[in-house]
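Listed here are the chains, written in short residue letters.
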Amino acid sequence: AAGWGGSGRRIPLPPRDDPSYDEAAARALLEAAVDGETGAAEQATGYYWGDDRLKAHVRKLLDAARTEGDEGTIRAAERYLR
């Protein structure tokens, strides 16, 4: 087993001081959750699943996913916001 965060998944992120970092981190966590690789995204972003600092971004991504009919992202975002 690869273990926690050991999937080798590449998670493209802007520099941490970039104003878009938190939104990119939220997107990365949701995308990884859809693929069952949340640990890799947590390790890459420095945020844990459910972190309050990302909830506004997750809500925005949830709205977009509903508009697009992206069921996987909808489910992941709803889980994140619980």
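Residues numbered from 1 in each chain as written. Predicted model: local features only at pLDDT ≥ 70, side-chain atom pairs only at ≥ 80, totals over all residues. Heavy atoms only, no water.

**Observations regarding helix α3 (residues 55-68)**
And then number 1: For α3, built from 14 residues, the straight-helix expectation of 20 Å at 1.5 Å per residue is met to within 8% by its first-to-last C-alpha distance of 20 Å.
And then number 2: Buried within α3 we find Lys 55, Val 58, Leu 61, Leu 62 and Ala 65. On an axial view of α3, the arc spanned by its buried residues comes to 115°, and they lie on one face. Turned more than 90 degrees off the buried face of α3, the exposed positions are Ala 56 and Thr 67. (Helix = DSSP H or I, 4+ residues; strand = E, 2+ residues; numbered from the N terminus. Expected span 1.5 Å × (residues − 1). Buried < 20%, exposed > 50% of the residue type's maximum accessible area, 1.4 Å probe, protein only. Arc of directions from axis to C-beta.)

**Here we look at the side chain of Asp 51**
And then number 1: Position of Asp 51 relative to the elements: it lies in the loop between α2 (38-45) and α3.
And then number 2: Judged by its relative accessible area of 16%, Asp 51 is buried.
And then number 3: Only 2.8 Å separates the side chain of Asp 51 from the backbone nitrogen of Arg 53, close enough to count as a polar contact. (Polar contact = N/O pair within 3.5 Å; in protein donor to acceptor, adjacent residues only side chain to side chain.)

**Some points on the pattern of salt bridges**
And then number 1: According to the stated counting rule, one finds four salt bridges in the structure shown.
And then number 2: One salt bridge connects Glu 78 with Arg 66, and the closest N-O pair in it is separated by 3.0 Å. Separated by twelve residues along the polypeptide, Glu 78 in helix α4 (residues 71-81) and Arg 66 in helix α3 bring together distant segments of the chain. (Salt bridge = Lys/Arg side-chain N within 4 Å of Asp/Glu carboxyl O.)

**A few points about the packing of helix α1 (residues 21-34) against α3**
Axis angle and axis distance: for two packed helices, these are the angle between their axes and the distance between the axes, and together they describe the pair.
And then number 1: At a minimum axis distance of 9 Å, the contact between α1 and α3 shows a crossing angle of 60°. The angle between α1 and α3 places the two elements in the oblique class. For the pair α1 and α3, the sense of crossing is right-handed. Here Asp 22, Glu 23, Ala 26, Arg 27 and Leu 30 of α1 lie close against α3, whose contacting residues are His 57, Val 58, Lys 60 and Leu 61. (Axes fitted to C-alpha atoms, helices over the stretch in contact; angles between N-to-C directions. Parallel < 35°, antiparallel > 145°, perpendicular 65-115°, else oblique. Left-handed = near helix turned anticlockwise from the far one by under 90°. Contact = heavy atoms within 4.5 Å.)

**Notes on α2**
And then number 1: Taken together, the buried positions of α2 are occupied by Gly 39, Ala 40, Ala 41, Glu 42 and Thr 45.
And then number 2: Where the residues of α2 are buried, they touch α1.
And then number 3: In the segment just after α2, Gly 46 is the residue with positive phi, at about 85°.

Any functional reading would require information that these geometric values do not contain.
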